[in-house]
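Read off the chains here:
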Amino acid sequence: MTDALDRAREALARLVVDVPDHPEPGVVFKDITPVLADPAGLSAVVAGLASAGVHPDGAPRVDVVVGMEARGFILAAPVALALGAGFVPVRKAGKLPREVHAVSYDLEYGSATLELHRDAVAPGDRVLLVDDVLATGGTARATADLVEACGATVVGVAVLMDLAFLPWREALGDVEVTSLLTVG
């Protein structure tokens, strides 16, 4: 598992591009599109994220991988394939066609609502949440609440990067978090 994390971290260090003053002055945006365009880098990142879904002996510890709209979809689907697990999307309000659980939560600049099909995960399923960036933790917490409303258990959160200067840990409590890169 450590080798996969090391390779993923090396790929991120090599491929993530800092874009100063985007989307506003003073912000340094971390552009991950070069990672997605590089097959070896993307493969390393997927393996690093997938390491959060296995026991130390290599046995899978998840049944389902949930990806949050929209960049989480890009990462969660191949992570699910790597783990031999199902992939389930969590969407913004109004995007899913059947009966849903919904959770509204606060963002840095407003609020949002996420939805999950009521039958997307089954009671007792072990779920890994996957996204690109962990900032305030609001999206991950709302997604965990949706998964738990279905009777499933969140075993961890795996992200490309976490923003250490924001209070995401407060939102997630003792949920296990695997972050490939800490921005600080």
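Residues numbered from 1 in each chain as written. Predicted model: local features only at pLDDT ≥ 70, side-chain atom pairs only at ≥ 80, totals over all residues. Heavy atoms only, no water.

Section: the overall build of the chain
- Each helix and strand in the chain was counted, giving six helices and nine strands.
- Its C-alpha radius of gyration of 16 Å places the chain within 12% of the 16 Å reference for a compact globule of 184 residues.
- Along the longest, intermediate and shortest principal axes, the C-alpha atoms of the chain span 40 × 40 × 30 Å.
- Looking at the chain as a whole, 46% of its 184 residues qualify as buried.
- Counting contacts in the chain only where the partners sit at least 6 residues apart, residues at least 24 apart contribute 56% of the total.
- Carbon and sulfur atoms provide 55% of the accessible area of the chain, an area that totals close to 8900 Å².
- With 14 positive and 25 negative side-chain charges, the chain shows a separation of 3 Å between the mean positions of the two kinds. (Helix = DSSP H or I, 4+ residues; strand = E, 2+ residues; numbered from the N terminus. Rg over C-alpha atoms; globule rule 2.2 N^0.38 Å. Buried < 20%, exposed > 50% of the residue type's maximum accessible area, 1.4 Å probe, protein only. Contact = heavy atoms within 4.5 Å. Areas by Shrake-Rupley, 256 points an atom, 1.4 Å probe, with all protein chains shown as cover. Lys, Arg positive; Asp, Glu negative; His and termini not counted. Charge placed at Lys NZ, Arg CZ, Asp CG, Glu CD.)

Some words on the pattern of salt bridges
- If you walk through the whole model with that rule in mind, you get 11 salt bridges.
- Ionic pairing is found between Glu10 and Arg14, a salt bridge with its closest N-O pair at 3.3 Å. In this pair, Glu10 and Arg14 are both assigned in helix H1 (residues 2–15), four residues apart and thus about one turn of the helix distant.
- Taking the relative accessible area as the measure of exposure, Arg14 reaches 44% and is therefore partly exposed.
- Between Arg98 and Asp119 there is a salt bridge; the shortest N-O distance is 2.9 Å. With a gap of 21 residues between them, Arg98 in the loop between strand E4 (86–92) and strand E5 (100–107) and Asp119 in the loop between strand E6 (110–117) and strand E7 (126–134) connect regions that are remote in the sequence.
- By sharing partners, the salt bridges in this structure join Glu10, Arg14 and Asp38 into a single network. (Salt bridge = Lys/Arg side-chain N within 4 Å of Asp/Glu carboxyl O.)

Topic: the pairing of E7
- Burial of E7 is extensive: seven of the nine residues sit out of reach of the surface.
- Where strand E3 (residues 64–68) lies against E7, four bridges are found, and the strand directions are parallel. Residue Val65 lies in a different strand from E7, and its bridge partner there is Leu128.
- One ladder, built from eight bridges, connects E7 with strand E8 (residues 153–163); its direction is parallel. Looking at the pairing, Val127 lines up with Val154 of E8.
- One crossover worth recording links E7 to the parallel E8 by way of helix H5 (residues 138–149), and it is right-handed. (Pairing = 2+ DSSP bridges. Right-handed = clockwise from strand over helix to strand, strands pointing away.)

Thoughts on the sheet that holds E6
- Taken in spatial order, the seven strands of this open sheet run E5-E6-E4-E3-E7-E8-E9, and their pairing is mixed. Among the strands making up the open sheet, the edge pair consists of E5 and strand E9 (177–183). Sheet twist, expressed as the average angle between the axes of neighbouring strands with direction ignored, equals 25°.
- Where E4 meets E6, two bridges bridge the pair, whose relative direction is antiparallel. Along E6, the bridge assignment pairs Lys92 with Leu114.
- The strands that H5 touches are E3, E4, E5, E6, E7 and E8; relative to E5, the one it contacts most, it runs at about 160°. (Axes fitted to C-alpha atoms, helices over the stretch in contact; angles between N-to-C directions.)

Focus: the pairing of E8
- Taking burial as the measure, the 11 residues of E8 include 10 buried ones, the bulk of the element.
- Sheet topology note: the E8/E9 ladder contains six bridges and is parallel. Within E9, the position partnered with Val159 by the bridge is Ser179.

Quick notes on the environment of Leu163
- Take Leu163: it is sitting in strand E8.
- Taking the C-alpha atoms as reference points, Leu163 and Ala59, 104 residues apart in sequence, are found 30 Å from one another.
- Filtering out sequence-adjacent residues up to four positions away, Leu163 remains in contact with Val133, Leu134, Ala135, Trp168 and Val183.

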